[in-house]
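These are the residues of each chain, in order.
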Amino acid sequence: MHAISRKLLTRSVFDGSNAVYKMCSNQPSSSEAHHKVASNFREEFVLPKSCDFRIWFPMHMAVQFKKMEGKMRSVDLVIEVHDARIPITGRNPLFFEQLYAVRPHILVMNKMDLIDLTKYKGPVEEYYRRNGIEKIIWTDCKRRLNYALKDLCGTMVDILQETPRFNRSVKTEYQAMVVGIPNVGKSSLINSLRGATLGHKHAAVQEGARPGVTVRVQNRVRILDKPPTYVLDTPGVLTPHQKSGEDAMKLALCDLILESTTNLQYVADYLLYWLNRTGDFSYLELCRFEGGPCDDINKVLLKICQTQNLRSRCMIAGNSCEMTATGHLVFDEFGQPFIVTREQDKQKRLTGLDALKSHILAVRTVSNTLRTSLGPRGLDKLMVSPDGEVTITNDGATIMDKMDVQHHVAKLMVELSKSQDAEIGDGTTGVVVLAGALLEEAERLLDRGIHPLKIADGFDLACKKALATLEKIADPFPVEDRERLIETAETSLGSKIVNRSIRHFAEIAVDAVLSVADISTKDVNFELIKVDGKVGGKLEDSIFVKGIVIDKTMSHPQMPKEIKDAKIAILTCPFEPPKPKTKHKLDITSAEDFAALRQYERETFETMIKQVKDTGASLVLCQWGFDDEANHLLHHYELPAVRWVGGPEIELLAIATNGRIVPRFAELTPEKLGKAGVVKEIVFGTARDRMLSIQECPNNRAVTIFIRGGNKMIIEEAKRSLHDAMCVIRNLVKDNRIVYGGGAAETACALVVARAASKIHGVEQYAFRAFADALEQIPMALAENSGLAPIEALSSLKAEQLAKANPRLGIDCLFKGTNDMKTQKVIETLLSKKEQISLATQVVRMILKIDDVRVPDDENGGM
Amino acid sequence: MMAPPIILLKDGTENKQGKNQIISNINACCVVADAIRTTLGPRGLDKLIVNSKGETTISNDGATILKLLDIVYPAASVMVDIAKSQDCEVGDGTTSVVVLAAEMMKRAKPFVEDGVHPQLLIRAFSKACEAAISKLNELAVKIDGPEALREMLVKCAATTLSSKLVSQERDFFSEMVVDAVNILAEDLPLKMIGIKKVSGGSMMESCLVRGVAFQKAFSYAGFEMQPKHYKDPLVALLNIELELKAEKDNAEMRIKDVKDYQAVVDAEWNILYEKLQKIHDSGAKIVLSKLPIGDVATQWFADRDMFCAGRIPQDDLERLMAACGGTVLTTVSQIDASVLGKCETFYEKQVGSERYNFFEGCSKAQACTLLLRGGADQFIAETERSLHDAIMIVRRAKKNDSIVAGGGAIEMELSTYLRNKAKEITGKEQFFWMAYARSFEIIPQQLCYNAGLDAIDMLNKLRHRHAKDGKWAGINIHEEKVMDNYEACVWEPSLVKKNAIIAATEAVCLVLSIDQTVKNPRAPSGGTMPGLPQQM
């Protein structure tokens, strides 16, 4: 910030003196056009009457000035320091009258780093020479340029030694006094002189970057050894009466007047006026100011705010209070920004429209990524995770999940699709595309200057209308009709990788859901459906088992491979001698003891097996393992067993077989055994892959889907697709109303919303219409992905829907020759569609409502 | 010669004093207020703040934003404190208190610059504050009768919610909040309203559970076999681990004989079984424990058609206790029906992707749970904050049943009143009163800015109406015009305003009375000091 302002100041010397101005008038570099515009600008800067330009004149100035006069007697040389940016204005005439008229005098132009020396040095010196001032030295105390200081020292010594002494007394030392108006750098000059000549690093007098640091005539400071020379630091003194407000403005601009005593807005206004008058249009570029020069400070401040995000509520013109705040911020570029929050400089902050625009951009980037995955002809995305795992999918939620989005707002979109996934399980791509489209429309409206919340309100209204429309066009669906359910599942699977054997998978999905569904409470517990996969075979080989498949085999290879009418003991205790949980130690001191222990162990095994046998069990499923000896004994007693069956599987087994999980052998009773019609080992392919399937269970509520496929990725993708399909079926069980897919429902909603828009009062109307446009993005994307001409397809679709009043018409993605989705049997659940639209609207509202973002700067907001 | 400097403070200590100090403090406070100014009112916008850990918060709540801003400027933290105190005391109006305080300071600034002694200002402001409060009390409308009271509460909640993310559904949520608060016991303990967040679904699917609901705890094998639906069950609340485990951590046993081995094992099992049996005998159908319930116990309960859940969070358990009665037991030796809780129905249901346990129709019915749904986590988090504000408001309003009209109406009325009163004052205090009176106008003004309305025009209309005795005239943002906000049912509890005015005035007085700051240098790693010139 500082750097910018310095640059700005450097380029434009704020001096009102026409002499200098005329001499330099052959300067600037801006285009003719700018000058032409600027020629119409005001010729004179008039301060409003209300502005009191009697400037800052604190008490200490008058008092200390008297004191300085008193000290004059012992002073041999007066050094007047002035600000090089205003070489002519603002010099205190009293200095001449009362101080240096009778003393030798040097004029030091400090802060020369802030002006263009080559351009101004000559004219200024020329001006002063004509006014009888010879000794002008240019310095820069901030950088402590050696040559400048040496120059000053040399001049001082020359003058001191050449001019006659005014002090009659035989004094060997010389004394100089530094005078000037506030904040021109008197104290800095002394400190740097001392540093340059005596090599003292630390400051002898206090200095600061604001006016009014030195308020007393200081004790003298030694600055030269040969001849011994001292200087007196004095407070800056202004004249109480300035000629005009313009002078006061100039001083204020260079921060020579206490900032809080001036009206910042006028100062800023003056700066603008001056820049325009001198034809310096560099501010346009500096403040990234679009359009030509401007003469209205309010407009300029507004623009600056917009481009530099200084303030958020700058959209509203004509409020005076806000303006002062902006004026303040502009001005702070020249003063010091003060730190209010921790690590303010390390935070990235975006406000107002910019924040909104950047969010919209982020969201659109995300939604554009997903856009091509929409619909049955949508393409897949391949993603490689950091540890090299490859995922191929066109499921929106999965893509978003794996993309590892960094941007904070794009993360919202990820969550959006996740929540659609969690709630509905389908339509995750659609919801993101819709949200992106809505924001795109919103951006257009923002550009027209509509308040973001009004847009959001309009969207909300439109959303309600769309939802109502959906309810109206929804058809009831016969959930009992298995065939129809399969068709629905096919729609969902249509865009997925499994569409080669779509019918097969659709059947699997429907059967699975129907067997676990509780029709009376409309609840489907997915935990009862186990989806498992194994590499090898074709997708078509996937099977649906009404029962359980576990990836385990009999513990002993010679145990029977198939058991009919099995009675199953489900154990969660190991086949081994029981152990107490308390830490224990068994001391064996003799061979007898050892034999006894062996005996005990064997007996325990036998009792256990006997206990199991006694209940009539013909199969043991054990959550834990047992060692080979136990295995042998089991085989010996012809008790087939399976070990290391996982916890969830045990549970599913118990539910399926109506058995009870038994934690101890002692508790085993015949009633607690589970029953299964067939338990058999299934062998896959030539590889020795074996699994155990337990079928024909008394309770059909636990089922397994077993997927085969060429490689792991296909299986995983097939699992995801099935999950989506099952979600669709579940939603139908929950709520049996449907709408038609292929963009039909969206188009129908868009038509209704667009029609309703004209009846809305207020600005919301625009948002309403925009909502309709956004809805049309879905069929548009569908058409695009299917290789149709999107606009043509959409417009003919709209026309047809209107003409036939048939909300079932959609985009014919699969080129079946008809666009009646009812005949194509492309249907979606009402629940899913409603959820999509309302979720997208919700998230858009949230994003539109943000106008201020603070992010730690190291996060690059990667998209 | 130069006098040796007297070094009083450590090198690098920042020491600022005098008038400049007051002014720069005021400036800092104004900057803080500017940060949240735009969140005020129904058209206020949200702020998105990402902290250094990368967690995102989107909020409209003044206190939340200020907390996250991490303000280091010493005087500016006063603003954070008043926002916090407003949050704790009333729960809402955190933005308005900060904006009001900043405006008062801004009005005081020219006086300080002109050399008025801060104490004079402080005295005048305090007096004016007293006058404002007494006028406020006079203006406040008392609500009588249960029907009217409920209606009032709903309206207050709706006014609060109108500035939040959920404003479109404010009617829905305000009913919900009022119902929730009405369930609570006499002293309205906030803890008894549980708020559960489930992402997914639309906001309208949020619901109020008259009882307790919590997410299904981690479960062991056998859980699915337990029944998930009970009518009129008894509920045992425990703080016992029901697991097969070592009874004492550091115990060690030496077993001489192999036969003893079985005995020890049996003993351990029996300890657990005894516990389980006792619970069963007490008639409890549902067993909940703060500590884990192991697989053996889960299966044992499943065997007896009982439901159990372990690792229930403390606050859920407390709410259950409040709702169902009963006590949390740390031993089962005394368990009987008298210490068990009761509820009408218990069931497990899928909510979004989670399964939730619901306890409804509880016997004591003094706790409830709000189940919030929404698109994204941040969305629900903000909804929760909004509802928290609304709950606080309703709680407050219920205890203190007088209201005033919102939308800047009460501020304008107070401003008018103070201005008239100021004219009766002789001496320069009159100016200070005037300034104080004017600062109230910032609230309607800011409301207008945020809504994109012409503030000056609106303000003039408001002044006119108030001068003509339209004491409840305020800005109706939704209609975008000046109207009677009492009629329009934009109501706020008078307590909110009272607290805001007092807090803001106190903050102003505090800032005005600071004339020196001494700040010790930070450790070398720290950033630059506030106020020091930045090195180029």
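Here we summarise the structure given alongside this text. Just so we're clear, the structure is a prediction, and the values are computed from it rather than from any experiment.

The rules behind the values
- Residues numbered from 1 in each chain as written.
- Chains lettered and ligands numbered in written order.
- Predicted model: local features only at pLDDT ≥ 70, side-chain atom pairs only at ≥ 80, totals over all residues.
- Heavy atoms only, no water.
- Helix = DSSP H or I, 4+ residues; strand = E, 2+ residues; numbered from the N terminus.
- Buried < 20%, exposed > 50% of the residue type's maximum accessible area, 1.4 Å probe, protein only.
- Areas by Shrake-Rupley, 256 points an atom, 1.4 Å probe, with all protein chains shown as cover.
- Contact = heavy atoms within 4.5 Å.
- Phe/Tyr/Trp six-rings, centres within 6.5 Å; stacked < 30°, edge-to-face > 60°.
- Lys NZ or Arg CZ within 6 Å of the ring centre and 35° of its normal.
- Core = buried A, V, L, I, M, F, W, Y, C linked by side-chain atoms within 4.5 Å.
- Salt bridge = Lys/Arg side-chain N within 4 Å of Asp/Glu carboxyl O.
- Pairing = 2+ DSSP bridges.
- Axes fitted to C-alpha atoms, helices over the stretch in contact; angles between N-to-C directions.
- Patch = residues over 30% accessible without salt bridge, like charges linked within 9 Å, V, L, I, M, F, W, Y side chains within 5 Å.
- Expected span 1.5 Å × (residues − 1).
- Polar contact = N/O pair within 3.5 Å; in protein donor to acceptor, adjacent residues only side chain to side chain.

**Section: the overall build of chain B**
Broken down by element type, chain B carries 16 helices and 21 strands. For chain B, the residues scored as buried account for 59% of the 536 residues in total. Surface exposure of chain B reaches about 21200 Å², of which carbon and sulfur atoms provide 50%.

**Digging into the overall build of chain A**
Tallying secondary structure elements over chain A gives 29 helices and 26 strands in all. In chain A, which comprises 863 residues, the proportion classed as buried is 58%. Summarising the internal contacts of chain A: among those between residues at least 6 apart in sequence, 75% fall at separations of at least 24. In the structure as shown, chain A presents an accessible area of about 35700 Å², 51% of it carried by carbon and sulfur atoms.

**A word on the packing of aromatic side chains**
Residue and element names in this part refer to chain B. By the definition in use, this model includes 14 aromatic pairs over all chains. Each ring, one from Trp 472 and one from Tyr 486, has its centre 5.8 Å from the other, and the planes form 20°; the classification is stacked. With Trp 472 in the loop between helix H15 (455-467) and strand E18 (473-476) and Tyr 486 in the loop between strand E19 (481-484) and strand E20 (491-493), this residue pair connects regions lying 14 residues apart in the sequence. Positioned over the ring face of Trp 491 is Lys 155, at 4.8 Å from the centre of the ring. The ring of Trp 300 has Arg 304 sitting right over it, with the charged end atom 3.5 Å from the ring centre.

**As for the nonpolar core**
One recurring pattern in soluble globular proteins is that nonpolar side chains are buried together. Among the nonpolar cores identified, the biggest contains 213 residues, and Phe 771 of chain A together with Met 79, Leu 288 and Phe 359 of chain B are the most heavily contacted of them. In contact with Phe 771 of chain A, not counting residues within four places along its chain, are Leu 438, Phe 459, Ala 462, Cys 463, Ala 466, Val 753, Ile 837 and Thr 841 of chain A. Grouped together as the second largest cluster of nonpolar side chains are 87 residues, Phe 477, Ala 489, Cys 573 and Val 703 of chain A included.

**Digging into the pattern of salt bridges**
With the rule as written, the count across this model stands at 48 salt bridges over all chains. A salt bridge links Arg 503 of chain A to Glu 507 of chain A; the nearest nitrogen and oxygen atoms lie 3.1 Å apart. Linking Arg 503 of chain A with Glu 507 of chain A, this pair stays in helix H20 (residues 502-516), spanning four residues, or about one helical turn. Judged by its relative accessible area of 32%, Arg 503 of chain A falls in the partly exposed class. Here Lys 47 of chain B and Asp 851 of chain A are joined by a salt bridge, their closest N and O atoms 2.5 Å apart. Highlighted residues: Lys 47 of chain B in strand E2 (residues 46-50) and Asp 851 of chain A in strand E26 (residues 850-856), drawn from two different chains. Using a relative accessible area of 1% as the deciding quantity, one classes Asp 851 of chain A as buried. Members of the salt-bridge network, linked through shared partners, are Arg 660 and Lys 672 of chain A together with Asp 303 and Asp 305 of chain B.

**As for the sheet that holds strand E14 (residues 543-545) of chain A**
All names here are of chain A. Taken in spatial order, the three strands of this open sheet run E13-E23-E14, and their pairing is mixed. Two strands in the sheet have a free side with no partner beyond their single neighbour: strand E13 (529-535) and E14. Across the sheet, the axes of successive neighbouring strands diverge by a mean angle of 20°, strand direction being ignored. Note: E13 against strand E23 (residues 703-709), seven bridges, orientation parallel. Paired with Val 535 across the bridge in E23 is Gly 709. Contacting E13 and E23, helix H24 (residues 712-734) runs over the sheet at an angle of about 160° to E13.

**A few points about the sheet that holds strand E4 (residues 174-180) of chain A**
Residue and element names in this part refer to chain A. Read across the open sheet, the six strands follow the order E3-E2-E1-E4-E6-E5; overall the sheet is mixed. The two strands at the open ends of the sheet, each matched to only one other strand, are strand E3 (136-138) and strand E5 (221-224). In this sheet, neighbouring strand axes are inclined to one another by 30° on average, regardless of whether the strands run parallel or antiparallel. As paired strands, E4 and strand E6 (residues 229-233) are joined by five bridges and run parallel to one another. Its bridge partner being in E6, Val 178 is matched across the sheet by Asp 233.

**With respect to the side chain of Lys 849 of chain A**
In this fold, Lys 849 of chain A is placed in the loop between helix H29 (830-848) and E26. By relative accessible area, Lys 849 of chain A is classed as buried at 0%. Once residues within four sequence positions are removed from consideration, Lys 849 of chain A is found in contact with Leu 453 of chain A together with Gly 44, Leu 45, Asp 46, Asn 60, Ser 163, Lys 164 and Leu 165 of chain B.

**A few points about the pairing of E23 of chain A**
Residues and elements named next belong to chain A. Extensive coverage of E23 is indicated by the burial of seven of its seven residues. The alternating pattern of E23 places Val 703, Ile 705, Ile 707 and Gly 709 on one face and Thr 704, Phe 706 and Arg 708 on the opposite face, and all of these are buried. With three bridges joining them, E14 and E23 adopt antiparallel strand pairing. Pairing of Ile 543 across the sheet is with Phe 706, part of E23.

**Some words on unusual backbone geometry**
In this structure, Asn 658 of chain A takes a positive phi of about 60° despite not being glycine. As for its placement among the helices and strands, Asn 658 of chain A is situated in the loop between helix H23 (647-657) and strand E20 (661-662). A residue is classified by how much of its surface remains accessible, and Asn 658 of chain A, at 48% relative accessible area, is partly exposed. The backbone phi angle of Asp 305 of chain B is positive, close to 55°, even though this residue is not glycine. Take Asp 305 of chain B: it is sitting in the loop between helix H9 (295-303) and strand E12 (307-309). Relative accessible area serves as the criterion here: at 38%, Asp 305 of chain B is assigned to the partly exposed category.

**Notes on a nonpolar patch on the surface**
Residue and element names in this part refer to chain A. Where nonpolar side chains cluster on the molecular surface, the patch consists of Leu 382, Val 384, Val 390 and Met 713 and spans about 320 Å² of accessible area. Positionally, Val 390 belongs in strand E9 (residues 390-393). By relative accessible area, which is 31% here, Val 390 ends up partly exposed.

**Remarks on H24 of chain A**
An α-helix turns once every 3.6 residues. As a result, residues three or four positions apart point the same way. Across its 23 residues, H24 of chain A extends 32 Å between first and last C-alpha, which sits within 8% of the 33 Å expected from 1.5 Å per residue. Residue Asn 711 of chain A occupies the N-cap position of H24 of chain A, its side-chain oxygen lying 3.2 Å from the main-chain nitrogen of Met 713 of chain A.

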